[in-house]
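What follows is the residue order along each chain.
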Amino acid sequence: MMKTLQLNHGDHMPILGLGTWKSQPGDVYQAVKEAIRLNYRHIDCAAIYGNEAEIGQALHECFEEGMVRRDEMWITSKLWNNAHAPEDVQPALEKTLNDLQLDYLDLYLIHWPVALKKGVSFPESGQDLISLKELPIAKTWGAMEAVVDKGLAKHIGVSNFSTTKLKALMDTARIKPEMNQIELHPYLQQPDMLEFCNQHGIHVTAYSPLGSLDRPSELKTHDEPILLEDIAILRMAERLSVSPAQILISWAIHRNTIVIPKSVHAERIKENLAAAEISLSPDDMRAIAQLDRHRRYVRGDFWSPEGSPYTQENLWDE
Ligand SMILES: NC(=O)c1ccc[n+]([C@@H]2O[C@H](COP(=O)([O-])OP(=O)(O)OC[C@H]3O[C@@H](n4cnc5c(N)ncnc54)[C@H](OP(=O)(O)O)[C@@H]3O)[C@@H](O)[C@H]2O)c1
């Protein structure tokens, strides 16, 4: 049985899910069907990934074929930044539900603490962004709470939020955020964030757990260290007769964080799931703790074109 974390109302979220960012529409259909066949019960989606309709087709067929029931699956999706205005939240969720061919989501997240003007997918200039002063997260959150009341999402949370932003949100929220989905791997371990979330009953999802090597080249720097080639990880993998990716996934699970590795290849999808069975010793965990270097692969500098109200400092509050 896959380990789960317990959310409100006793709902259980499988600790390992399939990531779908950058999974091409032509590939993601097969990837999701294969994952479910192999016993994945959790898929991480987002409207901005541009592939929810193909994922919906795969889910629909899996339900129809009796491979799995809807209530056995955990489906997460995310509100894109151009729909933060309260009146836009429910329509954005309805579009996602329609694409995914679902009546409800298990978890709906605010994708980024960044607001874009209506109709803008990615900003080209500062004019395309709206500051959080003008369109506060608290307003967006009110509409997130309303979709829970309507039964369209069972749980709500956020993504890419700092502890400062989580605190501010908890001060005004009627329904507390249950999840913060953030970048987490041995090069970006964020121990203070984990401690904060643990104290406040917020679960954490580790995104880009393998170092997100297939990110678009604009999001890369030429000198970045490659997590999957880290010598300590490679040696540990060899000693335990597992793959480096499996060490990274197992490490996330040992920290009690949800983890959502992305792959569109059947053998890797299988390998990643099998990582849930691997046991790392306290010594292994301590050795990996040494690798932390606060290296963000997804820095969010795309929110800071000239004239933007967003900077690296006010995005991450660090
Ligand atoms: N909330 C957010 O802002 C946010 C940001 C980033 C990511 N996410 C979520 O987190 C998920 C995972 O993050 P990510 O996609 O950035 O990166 P990731 O899961 O760290 O890495 C994906 C890359 O690793 C490769 N890979 C997968 N399994 C492997 C294995 N066993 N051995 C070697 N390589 C392997 C994949 O290749 P193939 O596919 O070719 O196999 C792909 O190139 C996303 O898909 C998305 O659902 C959320």
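This section reports on the structure supplied with the text. On a predicted model such as this, the values are computed, not experimentally measured, just so you know.

## Side note on the overall build of the protein chain
Step number 1: Per the secondary structure count, the protein chain includes 11 helices and 12 strands.
Step number 2: For the protein chain, the C-alpha atoms occupy an extent of roughly 55 × 45 × 35 Å along the three principal directions.
Step number 3: Summarising the internal contacts of the protein chain: among those between residues at least 6 apart in sequence, 74% fall at separations of at least 24.
Step number 4: When the accessible surface of the protein chain is summed, it comes to about 14100 Å², and 49% of that surface belongs to carbon and sulfur atoms.
Step number 5: Of the charged side chains in the protein chain, 32 are positive and 45 negative, and the gap between their average positions amounts to 2 Å.

## Overview of the site of the ligand
Step number 1: As a matter of local geometry, the ligand sits amid 30 residues, with K22, D44, S212, K262 and S263 nearest to it.
Step number 2: At 3.1 Å, a backbone N or O of T20 approaches an oxygen atom of the ligand.
Step number 3: S159 places a polar side-chain atom, nitrogen or oxygen, 2.8 Å from a nitrogen atom of the ligand.
Step number 4: Here the ligand has 900 Å² of accessible area as a free molecule, and 92% of this is covered by the chains.
Step number 5: Considering each element in turn, the shell around the ligand owes the most residues, 3 residues, to helix α9 (residues 266–274).
Step number 6: Grouping the amino acids of the shell around the ligand by side-chain chemistry returns 11 nonpolar, 12 polar and 7 charged.

## A look at the pairing of strand β10 (residues 179–183)
On a regular strand, one side chain projects to one face of the sheet and the next to the other, so that they alternate.
Step number 1: The buried fraction of β10 is high, at 5 of 5 residues.
Step number 2: In terms of strand pairing, strand β9 (residues 153–159) meets β10 through 2 bridges, oriented parallel. Paired with S159 across the strands is Q181, a residue of β10.
Step number 3: Following the backbone out of β9, through helix α5 (residues 163–172) and into the adjacent parallel β10, one traces a crossover that is right-handed.
Step number 4: Here 5 bridges tie β10 to strand β11 (residues 203–207), and the two strands are oriented parallel to one another. Its bridge partner being in β11, Q181 is matched across the sheet by T205.
Step number 5: Crossover β10 to β11 through helix α6 (residues 191–199) is right-handed.

## Details of the nonpolar core
Step number 1: Core analysis: the biggest nonpolar cluster contains 100 residues, and V32, L59, I75, Y108, W112 and W303 have the highest contact counts within it.
Step number 2: If you tally residues by element for this core, the top one is helix α8 (residues 244–254), at 7 residues.
Step number 3: Excluding its chain neighbours within four sequence positions, the residues that come into contact with L59 are V32, I36, M73, I75, L100 and L102.

## Considerations on the environment of L132
Step number 1: Relative to the elements of secondary structure, L132 occurs in the loop between β8 (129–130) and α4 (137–149).
Step number 2: Between the alpha carbons of L132 and W74 there is a distance of 30 Å; along the sequence they are 58 residues apart.
Step number 3: Leave out the neighbours within four places in its chain, and L132 touches P113, V114, A115, I137, K165 and Y310.

## Description of the packing of helix α1 (residues 25–38) against helix α2 (residues 52–64)
Step number 1: Interhelical geometry of α1 versus α2 gives an angle of 30° and a closest axis separation of 8 Å. Between α1 and α2, the angle falls in the class roughly parallel. Read as a crossing pair, α1 and α2 show a hand that is right-handed. Between α1 and α2, the residues in contact are P25, V28, Y29, V32, K33 and I36 and E54, I55, Q57, A58, L59, E61 and C62, respectively.
Step number 2: Each residue belonging to the contact of α1 with α2 can be placed in one class, and the counts come to 9 nonpolar, 1 polar and 3 charged.

## Comments concerning the sheet that holds β10
Step number 1: Reading across the sheet, the 8 strands line up as β3-β4-β5-β6-β9-β10-β11-β12 and stay open at both edges, with parallel pairing between neighbours. Both edges of this open sheet fall to β3 (18–19) and β12 (258–259), since each of them pairs with a single strand only.
Step number 2: Where strand β6 (residues 105–110) and β9 come together, 5 bridges link them in parallel fashion. For L105, the partnering residue across the bridge sits in β9 and is A153.

Conventions and cut-offs
Residues numbered from 1 in each chain as written. Predicted model: local features only at pLDDT ≥ 70, side-chain atom pairs only at ≥ 80, totals over all residues. Heavy atoms only, no water. Helix = DSSP H or I, 4+ residues; strand = E, 2+ residues; numbered from the N terminus. Contact = heavy atoms within 4.5 Å. Areas by Shrake-Rupley, 256 points an atom, 1.4 Å probe, with all protein chains shown as cover. Lys, Arg positive; Asp, Glu negative; His and termini not counted. Charge placed at Lys NZ, Arg CZ, Asp CG, Glu CD. Near = heavy atom within 4 Å. Polar contact = N/O pair within 3.5 Å; in protein donor to acceptor, adjacent residues only side chain to side chain. Nonpolar A, V, L, I, M, F, W, Y, C, P; charged D, E, K, R; others polar. Buried < 20%, exposed > 50% of the residue type's maximum accessible area, 1.4 Å probe, protein only. Pairing = 2+ DSSP bridges. Right-handed = clockwise from strand over helix to strand, strands pointing away. Core = buried A, V, L, I, M, F, W, Y, C linked by side-chain atoms within 4.5 Å. Axes fitted to C-alpha atoms, helices over the stretch in contact; angles between N-to-C directions. Parallel < 35°, antiparallel > 145°, perpendicular 65-115°, else oblique. Left-handed = near helix turned anticlockwise from the far one by under 90°.

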